[in-house]
Amino acid sequence: MAKPARPRYEHRQGGGFTRFTFILAVALMPVLYLLDPKAGPALLIATPLLLLVFAAFDGLTVRIDAQALSWRFGHLGFPRGRVALTDIAAAAVTRTTFWEGWGIRRTRRGWLYNVSGYDAVLLTRRDGKTFLLGSDQARKLKSALDAALAALEALPRTAPARR
């Protein structure tokens with residue numbers, strides 16, 4: 001079995017504010033129980049669900065290898081996405097707004113994948129669709145993506161096989 005290629009870029013951004021919010025919410029569960037013991041069954045359901053959501057969204061890992069740009073959230077590796085480098089037409093460093101928020105959501109500029117902060121890379125696909133990848137290393141991510149796209153362009157083109 002072939003060893004996977006070393007990534008050209010890989011970075012995991014922690015979700016500082018998101019992490020703080022989840023920790024605060026879990027810490028409040030016993031307090032809520034003390035205030036209203038009848039809420040016990042609901043809290044027994046809510047706490048594990050909250051921990052599961054935390055595990056799913058605590059951070060965002062972005063990776064560029066020789067073939068694709070990929071990203072995955074949290075410790076579970078899901079949600080995740082992948083785009084072939086050949087499908088990317090352009091990339092630009094940008095900033096998201098407070099209204100665009102964090103998480104996975106549809107914005108006026110396409111889908112946004114972000115865990116923290118407002119720095120992002122706006123990617124345009126060859127079909128014209130756009131999406132945003134949030135990153136605390138937006139300039140580094142764009143540079144690595146530009147380098148990967150340039151390396152892809154430098155590869156010799158092969159003619160399609162004749163039948």
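All values reported here derive from a predicted model rather than from experimental measurement.

### Section: the overall build of the protein chain
Part 1 of the argument: From N to C terminus, the protein chain includes three helices and nine strands.
Part 2 of the argument: Sequence-ordered secondary structure for the protein chain, helices as α and strands as β, is β-α-α-β-β-β-β-β-β-β-β-α.
Part 3 of the argument: Taking 15 Å as the expected radius of gyration for a compact globule of 163 residues, we find that the protein chain reaches 20 Å, considerably beyond that expectation.
Part 4 of the argument: Dimensions along the principal axes, computed over C-alpha positions, put the protein chain at roughly 75 × 40 × 30 Å.

### Side note on the sheet that holds strand β4 (residues 80-84)
Part 1 of the argument: The antiparallel open sheet is built from four strands, whose spatial order is β1-β2-β3-β4. Because the sheet does not close on itself, it has two edges, and the strands there are β1 (9-13) and β4. The mean inter-strand angle of the sheet, taken between neighbouring strand axes irrespective of direction, is 10°.
Part 2 of the argument: One ladder, built from five bridges, connects strand β3 (residues 68-73) with β4; its direction is antiparallel.

### Some details on the sheet that holds strand β7 (residues 110-114)
Part 1 of the argument: With mixed pairing, five strands are arranged side by side in an open sheet as β5-β8-β9-β7-β6. Two strands close off the open sheet at either side, each with one partner strand: β5 (88-95) and β6 (103-107). Between one strand axis and the next, the sheet turns by 20° as a mean value, whatever way the strands run.
Part 2 of the argument: Here five bridges tie β6 to β7, and the two strands are oriented antiparallel to one another. Bridge pairing in β7 links arginine 105 to leucine 112.
Part 3 of the argument: Contacting β5 and β8 (119-125), helix α3 (residues 138-154) runs over the sheet at an angle of about 170° to β5.

### A few points about the nonpolar core
Part 1 of the argument: In this structure, Ile64, Leu69, Trp71, Leu85 and Leu123 are the most contacted members of the largest nonpolar core, which totals 24 residues.
Part 2 of the argument: Those elements that provide at least two residues to this core are β2 (60-64), β3, β5, β8, β9 (130-134) and α3.
Part 3 of the argument: Top element by residues in this core is α3. It accounts for seven residues.
Part 4 of the argument: The residues contacting isoleucine 64, other than those within four sequence positions of it, are Pro7, Arg8, Tyr9, Leu69, Leu85, Leu141, Ala144, Leu145 and Ala148.
Part 5 of the argument: Counting five residues, the second-largest nonpolar core is a separate cluster that includes Phe22, Met29, Leu43 and Leu50.

### Section: the pairing of β2
Part 1 of the argument: Taken across its five residues, β2 has four buried, putting it largely inside the fold.
Part 2 of the argument: In this structure, β1 lies alongside β2, joined through five bridges in antiparallel fashion. Pairing of tyrosine 9 across the sheet is with isoleucine 64, part of β2.
Part 3 of the argument: Bridge count for β2 against β3 is five bridges, and the pairing is antiparallel. Residue threonine 61 lies in a different strand from β3, and its bridge partner there is arginine 72.

### Thoughts on the packing of aromatic side chains
Part 1 of the argument: This model, assessed by the stated rule, comprises seven aromatic pairs.
Part 2 of the argument: Plain terms: the ring middles of tryptophan 71 and tyrosine 113 are 5.0 Å apart, the flat faces sit at 50° to each other, and that makes the pair tilted. With tryptophan 71 in strand β3 and tyrosine 113 in strand β7, this pair connects stretches of sequence that are 42 residues apart.
Part 3 of the argument: Exposure remark for tryptophan 71: the relative accessible area of 5% places this residue in the buried category.
Part 4 of the argument: A residue is classified by how much of its surface remains accessible, and tyrosine 113, at 17% relative accessible area, is buried.
Part 5 of the argument: Centre to centre, the rings of tyrosine 113 and phenylalanine 131 are 6.4 Å apart; their planes meet at 80°, and the pair counts as edge-to-face. Here tyrosine 113 is found in strand β7, whereas its partner phenylalanine 131 is found in strand β9, with 18 residues between them in sequence. In this structure, tyrosine 113 and phenylalanine 131 share a single accessibility class: buried.
Part 6 of the argument: By way of ring pairs, the aromatic residues Trp71, Tyr113 and Phe131 are connected into one cluster.

About the criteria used
- Residues numbered from 1 in each chain as written.
- Predicted model: local features only at pLDDT ≥ 70, side-chain atom pairs only at ≥ 80, totals over all residues.
- Heavy atoms only, no water.
- Helix = DSSP H or I, 4+ residues; strand = E, 2+ residues; numbered from the N terminus.
- Rg over C-alpha atoms; globule rule 2.2 N^0.38 Å.
- Pairing = 2+ DSSP bridges.
- Axes fitted to C-alpha atoms, helices over the stretch in contact; angles between N-to-C directions.
- Contact = heavy atoms within 4.5 Å.
- Core = buried A, V, L, I, M, F, W, Y, C linked by side-chain atoms within 4.5 Å.
- Buried < 20%, exposed > 50% of the residue type's maximum accessible area, 1.4 Å probe, protein only.
- Phe/Tyr/Trp six-rings, centres within 6.5 Å; stacked < 30°, edge-to-face > 60°.

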